[in-house]
Amino acid sequence: MEEQNKLLKLLYLVAFVALAGVSCWATAESLHMLLNTWPVVFCWIVTIAFFIIASLGTKLIVDSLNQNVYVEKRGAKLILGIVITLVFWLVCSMPTNTHTFFYRSVANSIAKDDIQTTSGYLNQLVNDTQTENKITEKQTELDNKVKAKLTDLETEIKNDANPGFGPNAKEILRQFAELLDVPKVDPISYKSTSVQQRDKLVDMYRQKIYALEETRKDAIRASMTAANKAEYQKKARTDVKNLEFIAEEMNNNPSALNDVTFAHEVDNRLLAGYATIKTYNDFISFQNESDKEKYVTEHPVTKLKRLMSVFDVWHDVLIGQYKGHGFIFWILISILVDIAAFIFFDLTFKKRED
C-alpha cells in the first residue's frame, strides 16, 4: 500500500510539473513581450517563483479546509492562502497565461491588418492620391464653370434680337478673364452678322477660351503640388517596401510573431510608417476619424504593440475591442491548466493524518 501511495505521489508530481511547465511558459512569454529588455531567464525565474507561491497558497487553503487533520491557526492560514492565491495566481499567472494564448491565436491576423492599413495610407503618398484628387476636383470645377460661361456667350452671340458681339458679350469676356485668372480676354475682330458667321465666331471664342483654360489648369496643378513631393514619396516608398518584406516573412512563417525579437522588428517598421503618415498627413485621405487619430497622435502605438502588452490587451477586452476573437475561450483554458496543476500539487503535498 505504501509503495502504491509513493507511485501515485510520483504520478501526481509529474502531472504537476507538466502542467506547471505549460503555465510558467505562458507567463514567461507574456512577461518577455512586456519587458523585452529583461533576459528571458529572469522572466522564467520570476514566473516559477510566483507559480510555486501560488501553489503553496492553494495548499494552505486545502489543508485549512481539511477537517481530518490538525492545522494550527486554521482560520488565519485559510485567509493567508486565499490572499496568496489571489495575488500570485489571479493577478499574475492567469492574466498572463490568457494573454500568451490569445496573442498566439490572433497576432498574425491583427499585424497583417495593421500592415495593410498602414501600407494603404503610405501608397496614397507614393501615388500622391490626395493631391491628385484635389487637383482634379479643382480642375473639374473650373471646366464646369467655363462650359457654362461658353453657353452664355454662345447664346448672347446668336441672339437674333441682338445679333453679334455687344455689351453683354463683353461682360461675359470680363467674367472669363476673372475665372481664368488673366488680365483680360480680348474680343475677336470678326464680322458676325449672318448665322454662319456667328457660328464661326462662337467656335473661335471656344478655341480661345479652351486654350486659356488649359493654361489655367496647368497653373492650378503647379500651385497645388507640394514642394516636398519627391521627399515624402521616397520616404513612403521605402516604408512600403519594408512592410512588404515583413508581410512576406509572416506569410512564409505564420508563427514568426511568436519570436519576440521579430515581433518588435515588425512593430518598429510599422512605427516608421506611422511616423511618415503623421508627418505628411495633410496629403492623406483617412477612412475615418479613428484612423486619423491613431496615426497623428503624439505618441502612436501600433496594434501589434498593444497586443504584446498584457495590460493593454485586458484593457481593450474590457472595453469590447476584441469581441468575436475567442478571448473567453483562452481565459477558460488558462484557468483549467492552472487549476489542474494546483490539484496535482495539493495531491502530492497535502497534509495527511499523523
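The coordinates are above.
All figures in this text were calculated on a predicted structure; none of them were measured in a lab.

Draft legend 1. Examining the overall build of the protein more closely. The secondary structure content of the protein amounts to 12 helices and zero strands. Going residue by residue from the N terminus, the α and β elements of the protein occur as α-α-α-α-α-α-α-α-α-α-α-α. A compact globule built from 354 residues would reach a C-alpha radius of gyration of about 20 Å, whereas the protein, at 37 Å, exceeds it by more than 25%. Principal-axis analysis of the C-alpha atoms gives the protein an extent of 130 × 35 × 30 Å.

Draft legend 2. A look at helix H9 (residues 289-296). All of the buried residues in H9 are Asp291, Lys294 and Tyr295. Across the axial projection of H9, the buried residues extend over an arc of 90°, all falling on one side. Exposed residues pointing more than 90 degrees away from the buried face of H9 are listed as Glu289 and Glu293. Tucked into the core, H9 has its buried residues touching helix H3 (74-126), helix H8 (260-279) and helix H10 (303-307). Capping of H9 at its N-terminal end is provided by Asn288; its side-chain oxygen lies 3.2 Å from the backbone amide nitrogen of Ser290.

Draft legend 3. Local environment of the nonpolar core. The biggest cluster of nonpolar side chains holds 53 residues, and the ones touching the most others in it are Tyr103, Ile115, Leu257, Val266 and Leu307. Going through the elements one at a time, helix H1 (2-34), helix H2 (40-65), H3, helix H7 (229-252), H8, H10, helix H11 (310-318) and helix H12 (327-349) are the ones with two or more residues in this core. With 13 residues, H3 is the single largest residue contributor to this core. What Ile115 contacts, discounting residues up to four positions off in sequence, is Leu243, Ile246, Ala247, Met250, Val266 and Leu270. Counting residues in each nonpolar core, the second largest holds 18 residues, with Val146, Leu150, Ile157 and Leu180 among its members.

Draft legend 4. Just unusual backbone geometry, in detail. Even without being glycine, Asp128 reaches a positive phi, approximately 55°. Relative to the elements of secondary structure, Asp128 occurs in the loop between H3 and helix H4 (129-157).

Draft legend 5. Highlighting the environment of Asp181. Counting through the fold element by element, Asp181 comes out in the loop between helix H5 (167-179) and helix H6 (195-224). For the pair formed by Asp181 and Arg216, sequence separation is 35 residues and the distance between their alpha carbons is 7.2 Å.

Draft legend 6. Region of interest: the packing of H3 against H8. As a packed pair, H3 and H8 sit with axes 10 Å apart at the nearest point and diverge in direction by 25°. One element, H3, and the other, H8, form an angle in the roughly parallel class. Read as a crossing pair, H3 and H8 show a hand that is left-handed. Facing H3, whose interface residues are Tyr103, Asp114, Ile115, Thr118, Tyr121, Leu122 and Leu125, H8 presents Ala263, Val266, Leu270, Gly273, Tyr274, Thr276 and Ile277.

Draft legend 7. Structural detail: the side chain of Thr96. Examined against the element boundaries, Thr96 turns out to sit in helix H3. Here the side chain of Thr96 touches Cys92 through a polar contact of 2.7 Å, landing on its backbone oxygen. For Thr96, the residues in contact, after removing those within four places along its chain, are Ala26, Thr27, Ser30 and Val310.

Draft legend 8. How the structure looks around a nonpolar patch on the surface. Taken together, the side chains of Leu7, Leu8, Leu10, Leu11, Leu13, Val14, Val17 and Phe349 define a hydrophobic patch exposed on the protein surface, amounting to about 690 Å² of accessible area. In terms of residues, the nonpolar patch owes the most to one element, H1, which gives seven residues. You can see Val17 is positioned in helix H1.

Draft legend 9. Region of the structure containing the pattern of salt bridges. Enumeration according to the criterion identifies 20 salt bridges in this entry. Of the charged contacts, one joins Lys229 and Asp128 as a salt bridge, the two residues approaching to 3.5 Å between their closest N and O atoms. Of this pair, Lys229 sits in helix H7 while Asp128 sits in the loop between H3 and H4, and the two are 101 residues apart along the sequence. We note a salt bridge from Arg221 to Glu132, for which the minimum N-O separation is 2.8 Å. Here the residue Arg221 occupies a position in helix H6, and Glu132 occupies one in helix H4, the gap between them amounting to 89 residues. For Glu132, a relative accessible area of 25% gives the class partly exposed.

Draft legend 10. Spotlight on the packing of H2 against H12. Closest axis-to-axis distance for the H2/H12 pair is 9 Å, and the angle between their directions is 65°. Note on packing geometry: the crossing formed by H2 with H12 is right-handed. Only Asp338, Ala341, Phe342, Phe345, Asp346 and Phe349 of H12 make contact with H2, whose side of the interface consists of Phe51, Ala54, Ser55, Leu56, Thr58, Lys59 and Val62. Of the residues that constitute the contact of H2 with H12, the class distribution is eight nonpolar, two polar and three charged.

Draft legend 11. Representation of the environment of Arg74 within the structure. Mapped onto the secondary structure, Arg74 falls in helix H3. The class for Arg74 is partly exposed, based on a relative accessible area of 22%.

Draft legend 12. Up close: the side chain of Ser30. Within the secondary structure, Ser30 sits in helix H1. A polar atom in the side chain of Ser30 sits 2.7 Å from the side chain of His99. Residues in contact with Ser30, not counting those within four places in the same chain, are Thr96, His99, Thr100 and Val310.

Draft legend 13. Broad picture of the packing of aromatic side chains. Under the defined criterion, the tally for this structure stands at 18 aromatic pairs. Look at Phe102 and Phe327: their rings are 4.9 Å apart centre to centre, the planes differ by 80°, and that puts the pair in the edge-to-face class. Of this pair, Phe102 sits in helix H3 while Phe327 sits in helix H12, and the two are 225 residues apart along the sequence. Owing to a relative accessible area of 0%, Phe102 belongs among the buried residues under this scheme. With 5.0 Å between their ring centres and 55° between their planes, Tyr121 and Phe286 make a pair best called tilted. With Tyr121 in helix H3 and Phe286 in the loop between H8 and H9, this pair connects stretches of sequence that are 165 residues apart. Phe286 matches Tyr121 in its accessibility class, with the two residues each being buried. Members of the aromatic cluster, connected to one another through ring pairs, are Phe16, Phe51, Trp89, Phe342 and Phe345.

Reading the values: the criteria
Residues numbered from 1 in each chain as written. Predicted model: local features only at pLDDT ≥ 70, side-chain atom pairs only at ≥ 80, totals over all residues. Heavy atoms only, no water. Helix = DSSP H or I, 4+ residues; strand = E, 2+ residues; numbered from the N terminus. Rg over C-alpha atoms; globule rule 2.2 N^0.38 Å. Buried < 20%, exposed > 50% of the residue type's maximum accessible area, 1.4 Å probe, protein only. Arc of directions from axis to C-beta. Contact = heavy atoms within 4.5 Å. Polar contact = N/O pair within 3.5 Å; in protein donor to acceptor, adjacent residues only side chain to side chain. Core = buried A, V, L, I, M, F, W, Y, C linked by side-chain atoms within 4.5 Å. Axes fitted to C-alpha atoms, helices over the stretch in contact; angles between N-to-C directions. Parallel < 35°, antiparallel > 145°, perpendicular 65-115°, else oblique. Left-handed = near helix turned anticlockwise from the far one by under 90°. Patch = residues over 30% accessible without salt bridge, like charges linked within 9 Å, V, L, I, M, F, W, Y side chains within 5 Å. Areas by Shrake-Rupley, 256 points an atom, 1.4 Å probe, with all protein chains shown as cover. Salt bridge = Lys/Arg side-chain N within 4 Å of Asp/Glu carboxyl O. Nonpolar A, V, L, I, M, F, W, Y, C, P; charged D, E, K, R; others polar. Phe/Tyr/Trp six-rings, centres within 6.5 Å; stacked < 30°, edge-to-face > 60°.

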